[in-house]
Amino acid sequence: QALDDAELYDKIVDDFKTSRLRAFYVQDPLVAQPAQGALHEAQALLTAHPRAALVFAITAAEVCLRRALLTPLLHGTFHTEASGDLLAHLVAGTKDEKLIKALLRILTAHTGVDLQICRRPTATNPLWQEMHDLQAKRNTVVHQAAATSPADAQQAIGVAEAMLANVFPAVITALGLHLHEGPRVCDSPKCSATSLVV
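Reading the values: the criteria
- Once a new chain begins, its residue numbering starts again from 1 and follows that chain's sequence as written.
- This being a predicted model, a pLDDT of at least 70 is required before a residue's local features are given, and a value of 80 or more before pairs of side-chain atoms are given or counted; all residues contribute to the totals for chains, interfaces and linings.
- Side-chain metrics in this entry use all non-hydrogen atoms of the structure; hydrogen atoms and water are not considered.
- Helix and strand assignments follow DSSP, with helices taken as H or I runs no shorter than four residues and strands as E runs no shorter than two, numbered in order from the N terminus.
- As used in this structure description, the phrase polar contact means that two N or O atoms lie within 3.5 Å; if the pair is within protein, one of them must be able to donate a hydrogen and the other to accept it, and residues adjacent in sequence are counted only when both atoms belong to side chains.
- What makes two residues a contact is simply this: any of their non-hydrogen atoms within 4.5 Å.
- pLDDT gives the predictor's per-residue confidence on a scale running from 0 to 100.
- As used here, the term nonpolar core means buried Ala, Val, Leu, Ile, Met, Phe, Trp, Tyr and Cys residues forming a set that is joined through side-chain atoms within 4.5 Å.
- Buried, partly exposed and exposed residues are distinguished by accessible area as a fraction of the type maximum, computed with a 1.4 Å probe on protein chains only: under 20%, between the cut-offs, and over 50%, respectively.
- Helix axes use the C-alpha atoms of the stretch in contact, all axes being lines fitted to C-alpha atoms, and the angles between their N-to-C directions lie in the range 0 to 180 degrees.
- For classification, angles of less than 35 degrees are called roughly parallel, those exceeding 145 degrees roughly antiparallel, those between 65 and 115 degrees roughly perpendicular, and all remaining angles oblique.
- When the near helix sits turned anticlockwise from the far one by under a right angle, the crossing is termed left-handed; a clockwise turn instead gives a right-handed crossing.
- Under the scheme applied here, ten amino acids are nonpolar (Ala, Val, Leu, Ile, Met, Phe, Trp, Tyr, Cys and Pro), four are charged (Asp, Glu, Lys and Arg), and all others, including Gly, are polar.

1. With respect to the side chain of D152
Piece 1. As for its placement among the helices and strands, D152 is situated in helix 7 (residues 150-174).
Piece 2. Reaching out from D152, the side chain makes a polar contact with the side chain of K137 at a distance of 3.0 Å.
Piece 3. Apart from the residues within four sequence positions on either side, D152 is in contact with L54, L134 and K137.

Below, the structure is given as structure tokens:
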């Protein structure tokens, strides 16, 4: 069945966006590495320093979300690199929850990954809600030197692990790419993909 003009236009635009999104990851295959490093620090700090572990874990989750998921998405949406760079820079620092939620809906549309629905196996709230609640706790630690429980720190580490070991790989897989340890994004059909180790 032939596509009409509007459907053909939408398909071409969608293919273009997906191609640019894939290209971002191919050009920056270690985009998730800073988040991975912060997560490793959180894990190392958990027993002796739960407050620091909470801060590093939420940092890891935020960096994964903004740098490894939303920034590439913005690059895929714009026809010019400069426009994508500018908007990505503005969004990286935004605290506007409506804007972030709008971008999460775009992420879902492009990759099928919905942070407002998916949840960790041991969690009662969706991943996005857990992250939001833990950000508030992190802010009281950073701005008021508040105490935190080891359970909160462990939950934050669980959220960061889910972002890096489940959400990020799911997005990469949806784009026809795969991950190697590091984590490093790969587009080669000749290599053997390995699962991401957190």
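After that view, the rundown keeps rolling.
2. Considerations on the confidence of the model for the protein chain
Piece 1. Taken as a whole, the protein chain shows an average pLDDT of 82; of its residues, 78% reach a score of 70 or greater.
Piece 2. No element of the protein chain has a lower mean pLDDT than helix 4 (residues 81-92), at 58, and none a higher one than helix 2 (residues 33-45), at 97.

3. A word on the nonpolar core
Piece 1. In this structure, Y25, L65, L69, L115, M163 and F168 are the most contacted members of the largest nonpolar core, which totals 50 residues.
Piece 2. Elements that contribute at least two residues to this core include exactly helix 1 (5-27), helix 2, helix 3 (50-77), helix 5 (97-111), helix 6 (127-144) and helix 7.
Piece 3. Apart from the residues within four sequence positions on either side, L115 is in contact with L65, L104, P126, L127, W128, M163 and V167.

4. Structural notes on the packing of helix 2 against helix 7
Piece 1. Orientation of helix 2 relative to helix 7, taken along the N-to-C sense of each, is 150°, at an axis distance of 10 Å. Between helix 2 and helix 7, the angle is such that the two are roughly antiparallel. Where helix 2 crosses over helix 7, the two elements pack in a sense that is left-handed. On the side of helix 2, the interface is formed by A35, Q36, L39, A42 and Q43, while helix 7 contributes I157, A160, E161 and L164.

5. Quick look at the packing of helix 6 against helix 7
Piece 1. For the pair helix 6 and helix 7, interaxial distance at closest approach is 10 Å and the crossing angle is 135°. Looking at the two axes, helix 6 sits oblique to helix 7. Crossing of helix 6 against helix 7: the hand is left-handed. Note on element contacts: helix 7 touches helix 6 through D152, Q155, A156, V159, A162, M163 and V167, opposite L127, E130, M131, L134 and K137.
Piece 2. For the contact of helix 6 with helix 7, the per-class residue count stands at eight nonpolar, one polar and three charged.

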